[in-house]
Amino acid sequence: MNLDFSIILKYLPYLLQAAGLTIELAVLGIAFGILIGLVAALLKISHTPLRFVAHFYIWLIRGTPLLVQLFLIYFGLPQLGITLSAFASSVLGLGINSGAYLAEVFRGGIEAIPVGQTEASSSLGMGKFLTMRRIIFPQALRIALPSLGNQFIISLKDSSLCSVITMSELLQTSQRFASVTFAPMEFYTAAAVLYLLMTTVLSAVLSSFEWRLSKENRTRGC
Amino acid sequence: MELAYKPEKSMINVNGLIKDFGKTRVINGIDATVSAGEVVVLIGASGSGKSTFLRCLNGLETLTAGEILIDSVPLENKSSSLKQIRRQVGMVFQQFNLFPHLTVLENIIEAPIHVLKQEKVNAIQVAEELLSKVGLYDKRDNYPATLSGGQGQRVAIARALAMHPKIMLFDEPTSALDPELVGEVLTVMKQLAEDGMTMVVVTHEMAFAREVADRVIFIDEGRIVEEGLPVQIFGNPQEKRTKAFLSRLNH
Ligand SMILES: Nc1ncnc2c1ncn2[C@@H]1O[C@H](COP(=O)(O)OP(=O)(O)OP(=O)(O)O)[C@@H](O)[C@H]1O
Ligand SMILES: [Mg+2]
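Calculation notes
Residues numbered from 1 in each chain as written. Chains lettered and ligands numbered in written order. Predicted model: local features only at pLDDT ≥ 70, side-chain atom pairs only at ≥ 80, totals over all residues. Heavy atoms only, no water. Helix = DSSP H or I, 4+ residues; strand = E, 2+ residues; numbered from the N terminus. Buried < 20%, exposed > 50% of the residue type's maximum accessible area, 1.4 Å probe, protein only. Lys, Arg positive; Asp, Glu negative; His and termini not counted. Charge placed at Lys NZ, Arg CZ, Asp CG, Glu CD. 1 Å grid on protein atoms, 1.4 Å probe; cavity = no way out; pocket = protein on both sides within 12 Å on 5 of 7 lines; lining within 4 Å. Points joined across faces, edges and corners; volume = space filled by probe spheres on them. Nonpolar A, V, L, I, M, F, W, Y, C, P; charged D, E, K, R; others polar. Axes fitted to C-alpha atoms, helices over the stretch in contact; angles between N-to-C directions. Parallel < 35°, antiparallel > 145°, perpendicular 65-115°, else oblique. Left-handed = near helix turned anticlockwise from the far one by under 90°. Contact = heavy atoms within 4.5 Å. Near = heavy atom within 4 Å. Polar contact = N/O pair within 3.5 Å; in protein donor to acceptor, adjacent residues only side chain to side chain. Areas by Shrake-Rupley, 256 points an atom, 1.4 Å probe, with all protein chains shown as cover. Core = buried A, V, L, I, M, F, W, Y, C linked by side-chain atoms within 4.5 Å. Pairing = 2+ DSSP bridges. Expected span 1.5 Å × (residues − 1). Buried area = accessible area lost by both parts, 1.4 Å probe. Salt bridge = Lys/Arg side-chain N within 4 Å of Asp/Glu carboxyl O. Phe/Tyr/Trp six-rings, centres within 6.5 Å; stacked < 30°, edge-to-face > 60°.

### Focus on the overall build of chain A
Reasoning step 1: Across its full length, chain A carries 8 helices and 0 strands.
Reasoning step 2: Going from the N terminus to the C terminus, chain A shows its helices and strands as α-α-α-α-α-α-α-α.
Reasoning step 3: In terms of overall dimensions, chain A has a C-alpha envelope of 70 × 50 × 25 Å along the principal axes.
Reasoning step 4: When burial is assessed residue by residue, chain A has 44% of its 222 residues classed as buried.
Reasoning step 5: Counting 15 positive and 10 negative side-chain charges, chain A places the averaged centre of each group 10 Å from the other.

Dropping the structure here:
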């Protein structure tokens, strides 16, 4: 065995920088995903024909691999005259992908709110939109939060797939150093450790957030 | 040939109301008028259509046929019309339906601020007055889950009153409460009746009906079977079905 982890030290600043890009992709991807997921959830529970669009989107995205989706966006779309940078393609892909899962998460949260809440707010003259924004959604978000956090962690790990559409995020950067230094074990271990560090910190932050909210809810009882 | 007398102003007019759920006819032709300031108590067996009737009055249910006028304005199944009517018709539910993520005060000022576009300071002032009136000023910053049932229902009444409704509907407001908490809610309702509010109340509290109601309506199978003064209905009911219902209630 000739493992030499000291080699990592020399490249650590670059690896950390790449990890920064990974975080950026995950945050932007999930933010975009929340937006799409919310719209898709609202469409899906609406009684308009647009709900079929939401059904179709969720079916399509959940039924195909993220890697294929990224290829279609980055390599396929230029054929239709739509050329996106690797970065834009990555955020778009992660957003569209997480959005399909979040749509179901949000829908579940919204549907868990008792119908009496809507009846009370409509009885007070509140319209549909106002009721959703002020009454239903804040309660639904509390219910959806654990699954939302879970999707965030998944998206963070999934961002490694963006390496194959030329993004110099953590995995691709490690791969590059691994091949020039002939030390794949060292660099992929470093990558794994950095991913683990990020997901651990993220889930700690999320669960402290949830804990605070649930403590609040214990006194609120909702 | 002309109006020799001025009729009492009617707040609610119901003409030929019919409501179906699928193939089931739940309200089967109701005609009724409620005057301004009148307190009407609806009684009837479970499933007779009391809640459905009440929910039709503020547009929570769409009508199958017939018409409802609220202060002479027809209730139409359009969201603008419904919103307009609902601002004028407060509703209190059996399960309170307070907003659990908002404090007592926030529950009350929510609609005045976002629907009536009141200034927050004004809305808070009105809310505090209403809370004092229902005896819960000190609970203004509590969350609903920390309240007893009686307190929760009084907050729900204050929340409805904050919209300055012309009519208040109550659907079994004390049925979910422990017996010792019923009185505090009925006291608030009695006060409201004395203040001249037009009220339609579904309740099994016969003592309250005797004391506060101007009129009692007995509903069975979606129809008005009998109506009259509380003393008439409770003391000397005419219809067989009313008698049967009341005797079951007393046992
Ligand atoms: N949304 C609905 N869909 C289908 N049927 C309904 C619906 N709401 C009420 N019903 C039916 O209509 C009938 C009348 O119900 P309603 O709730 O008005 O009765 P109620 O007199 O208020 O009874 P209770 O005293 O039990 O509250 C019942 O048979 C009920 O099952
Ligand atoms: Mg009922």
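### Section: empty space enclosed by the protein
Residues and elements named next belong to chain B.
Reasoning step 1: Following the criterion strictly, the structure yields 2 cavities of 30 Å³ or more and no others.
Reasoning step 2: Volume-wise, the largest cavity comes out at about 50 Å³.
Reasoning step 3: Surrounding the largest cavity, Ile 12, Val 14, Ala 32, Thr 33, Val 34, Val 40, Leu 42, Phe 53, Leu 57, Val 200 and Ile 217 form its lining.
Reasoning step 4: At the level of secondary structure, the elements contributing two or more residues to the lining of the largest cavity comprise strand S1 (10-21), strand S2 (24-35), strand S3 (39-43) and helix H1 (50-57).
Reasoning step 5: Among the residues forming the lining of the largest cavity, the class breakdown is 10 nonpolar, 1 polar and no charged.

### Focus on the packing of helix H4 (residues 86-111) of chain A against helix H6 (residues 128-158) of chain A
All names here are of chain A.
Reasoning step 1: Remark: H4 packs on H6, axes separated minimally by 8 Å, with the N-to-C direction vectors making an angle of 140 degrees. Between H4 and H6, the angle is such that the two are oblique. In terms of crossing hand, the pair formed by H4 and H6 is right-handed. Together, Leu 94, Asn 97, Ser 98, Tyr 101, Leu 102, Val 105, Phe 106, Gly 109 and Ile 110 of H4 and Met 132, Ile 136, Phe 137, Ala 140, Leu 141, Ile 143, Ala 144, Ser 147, Leu 148, Gln 151, Ser 155 and Asp 158 of H6 make up the contact between the two elements.
Reasoning step 2: Partitioning the contact of H4 with H6 into residue classes produces 14 nonpolar, 6 polar and 1 charged.

### A short note on the site of ligand 1
Residues and elements named next belong to chain B.
Reasoning step 1: Taken together, the neighbourhood of ligand 1 is formed by Phe 21, Val 26, Ala 45, Ser 46, Gly 47, Ser 48, Gly 49, Lys 50, Ser 51, Thr 52 and Glu 172.
Reasoning step 2: Lys 50 places a side-chain nitrogen or oxygen 2.8 Å from an oxygen atom of ligand 1.
Reasoning step 3: In isolation ligand 1 has 640 Å² of accessible area, and contact with the protein removes 55% of it.
Reasoning step 4: Among the elements that make up the shell around ligand 1, the one with the highest residue count is H1 (3 residues).
Reasoning step 5: When the residues that make up the shell around ligand 1 are grouped by side-chain class, the tally is 3 nonpolar, 6 polar and 2 charged.

### Topic: the nonpolar core
Reasoning step 1: Grouped together as the largest cluster of nonpolar side chains are 51 residues, with contacts concentrated most on B:Ile43, B:Ile157, B:Met168, B:Phe170, B:Met189 and B:Met199.
Reasoning step 2: For B:Met168, the residues in contact, after removing those within four places along its chain, are B:Gly90, B:Val92, B:Ile157, B:Ala160, B:Leu161, B:Leu192, B:Met197, B:Thr198, B:Met199 and B:Val200.

### Topic: the sheet that holds strand S8 (residues 198-202) of chain B
All names here are of chain B.
Reasoning step 1: Ordered by their spatial adjacency, 6 strands build an open sheet running S6-S7-S8-S3-S9-S10, and the pairing between neighbours is mixed. Two strands lie at the open edges of the sheet, namely strand S6 (89-92) and strand S10 (223-228), each paired on one side alone. Ignoring which end each strand starts from, the neighbouring axes of this sheet average 20 degrees apart.
Reasoning step 2: As paired strands, S3 and S8 are joined by 4 bridges and run parallel to one another. Paired with Val 41 across the bridge in S8 is Val 201.

### Some words on helix H5 (residues 149-161) of chain B
Reasoning step 1: A rise of 1.5 Å per residue sets the reference length of H5(B), with its 13 residues, at 18 Å; its end C-alpha atoms lie 18 Å apart and thus fit the reference within 8%.
Reasoning step 2: Counting buried positions over the 13 residues of H5(B) gives 12, a clear majority of the element.
Reasoning step 3: Three or more residues of H5(B) are buried, namely B:Gly150, B:Gln151, B:Gly152, B:Gln153, B:Arg154, B:Val155, B:Ala156, B:Ile157, B:Ala158, B:Arg159, B:Ala160 and B:Leu161.
Reasoning step 4: Taken together, the buried residues of H5(B) touch helix H5 (115-123) of chain A together with S6, helix H3 (104-114), helix H4 (120-133), strand S7 (167-171) and helix H6 (179-194) of chain B.

### Overview of the interface of chain A and chain B
Reasoning step 1: Between chain A and chain B, the contact holds 22 residues from the first and 25 residues from the second.
Reasoning step 2: Summed over both sides, the interface of chain A with chain B buries roughly 2000 Å², with 61% coming from carbon and sulfur.
Reasoning step 3: For the pair chain A and chain B, the interface holds 2 salt bridges.
Reasoning step 4: In this structure, the connection of chain A to chain B is made through 7 residue pairs in polar contact (both at pLDDT 80 or more).

### Quick word on the environment of B:Leu102
Reasoning step 1: In this structure, B:Leu102 sits in the loop between S6 and H3.
Reasoning step 2: When neighbours within four sequence positions are excluded, B:Leu102 is seen to be in contact with A:Ile135, B:Asn107, B:Glu110, B:Tyr143 and B:Pro144.

### A word on the packing of aromatic side chains
Residues and elements named next belong to chain A.
Reasoning step 1: On inspection of all chains with the given rule, the structure shows 9 aromatic pairs over all chains.
Reasoning step 2: Note on Tyr 11 and Phe 177: the rings are 4.5 Å apart at their centroids and 45 degrees apart in plane angle, and the pair reads as tilted. Taken together, the residues span a long stretch of sequence, with Tyr 11 in helix H1 (residues 6-45) and Phe 177 in helix H7 (residues 170-181) at a distance of 166 residues. Both residues of the pair, Tyr 11 and Phe 177, count as buried.
Reasoning step 3: Measuring from ring centre to ring centre gives 5.8 Å for Phe 56 and Trp 59, while their planes differ by 45 degrees; the resulting arrangement is tilted.

Function cannot be read off these values alone, since they describe shape.
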